[in-house]
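Residue-level structural notes
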Amino acid sequence: QVQLVESGGGLVQPGGSPRLSCAASGSIFSISAMGWYRQAPGKQRELAALITSVGSTNYADSVQGRFTISRDNAKNTVYLQMDRLKPEDTAVYYCNAGVRPSLGTWYLAVWGQGTLVTVSS
């Protein structure tokens, strides 16, 4: 069983710079891409940022230049540094990873439980 546990959410003032973390644990042989998705109230879940196993990144237009995704492969952890936050960044942020539990198995898409980020003064 593989788990993703996010941390770092909460109430943030506009312009703030929190960092989210997501650690994978359990039976892990390898991890491919890792990403952060977000779901604002009344809206569909959308991709915010993605990072491949070799460090290539991709960002949604709405966060490009303000958010930075990174990963520590030794710790099976992905981070999301969020800068210059706006009220419209308010959402539940979900971590996602492609995890291969053991040699000879397929990659599984694993989701974290989500962490709420509220941007408000």
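Residue indices begin from 1 for each chain and proceed along its sequence in written order. Predicted model: local features are reported for residues with pLDDT of at least 70 only, side-chain atom pairs are reported and counted for 80 or more only, and whole-chain, interface and lining totals are derived from all residues. Side-chain calculation: all heavy atoms of the structure are included, whereas hydrogens and water are not.

1. Here's the deal with the state of the cysteines
- The definition used for a disulfide is geometric: two cysteine sulfur atoms within 2.5 Å. For the structure on display, the rule yields one disulfide.
- Cys22 shares a disulfide with Cys95; S-S distance 2.1 Å. Handedness here is read from the sign of the S-S torsion; for Cys22 and Cys95, about -80 degrees, the answer is left-handed. Within this pair, whereas Cys22 is found in strand β3 (residues 19-26), its partner Cys95 is found in strand β9 (residues 91-100), the two being separated by 73 residues in sequence. Helical segments are the DSSP runs of H or I of at least four residues, strand segments are the runs of E of at least two, and each set is numbered from the N terminus.

2. With respect to unusual backbone geometry
- Despite not being glycine, Asn76 shows a phi value in the positive range, around 50 degrees.
- Residue placement: Asn76 occurs in the loop between β7 (67-72) and β8 (77-82).
- According to the relative accessible area criterion, Asn76 is partly exposed, its value standing at 24%.
- For Arg84, which is not glycine, the phi dihedral falls at a positive 50 degrees.
- For Arg84, the position within the fold is in the loop between β8 and β9. Any residue under 20% of the maximum accessible area for its type is buried, any over 50% is exposed, and the rest in between are partly exposed; the area is computed with a 1.4 Å probe on protein chains only.

3. A look at the sheet that holds β7
- When DSSP finds two or more bridges between a pair of strands, those strands are recorded as paired. Pairing is antiparallel in the open sheet, where four strands are placed in the order β1-β3-β8-β7. The outermost strands of the open sheet, each flanked by one partner alone, are β1 (2-7) and β7. Taking the axes of each pair of neighbouring strands and ignoring which way they run, one obtains an average angle of 15 degrees across the sheet.
- Sheet topology note: the β3/β8 ladder contains five bridges and is antiparallel. Across the sheet, Ser21 pairs through a bridge with Tyr79, a residue of β8. What counts as an axis is a line fitted to C-alpha atoms, over the stretch in contact for a helix, and the angles between N-to-C directions run from 0 to 180 degrees.

4. Description of the environment of Arg71
- Mapped onto the elements of the fold, Arg71 is located in strand β7.
- Apart from residues no more than four positions distant in its own chain, Arg71 is found in contact with Ile31, Ser32, Ala33, Met34, Ile51, Thr52, Ser53, Thr77, Val78 and Tyr79.
- Within the local environment of Arg71, its side chain forms a polar contact with the backbone oxygen of Thr52, the two atoms lying 3.0 Å apart. Here, residues are in contact when the closest pair of their heavy atoms is within 4.5 Å. Within 3.5 Å is the distance limit for a polar contact, defined as a pair of N or O atoms, with the added protein rule that one can donate a hydrogen and the other accept it, and that residues adjacent in sequence qualify only through two side-chain atoms.

5. With respect to the pattern of salt bridges
- Salt bridges are identified by distance alone: a Lys or Arg side-chain nitrogen within 4 Å of an Asp or Glu carboxyl oxygen. Enumeration over the complete set of coordinates arrives at three salt bridges.
- Between Glu46 and Arg38 there is a salt bridge, with its nearest N and O atoms 3.0 Å apart.
- Put simply, Asp89 and Arg38 hold a salt bridge, and the shortest N to O gap is 2.9 Å. Remark: Arg38 occurs in strand β4 (residues 30-39) and Asp89 occurs in the loop between β8 and β9; sequence separation between them is 51 residues.
- By relative accessible area, Arg38 is classed as buried at 6%.
- Connected through shared salt-bridge partners, Arg38, Glu46, Arg66 and Asp89 make up one network.

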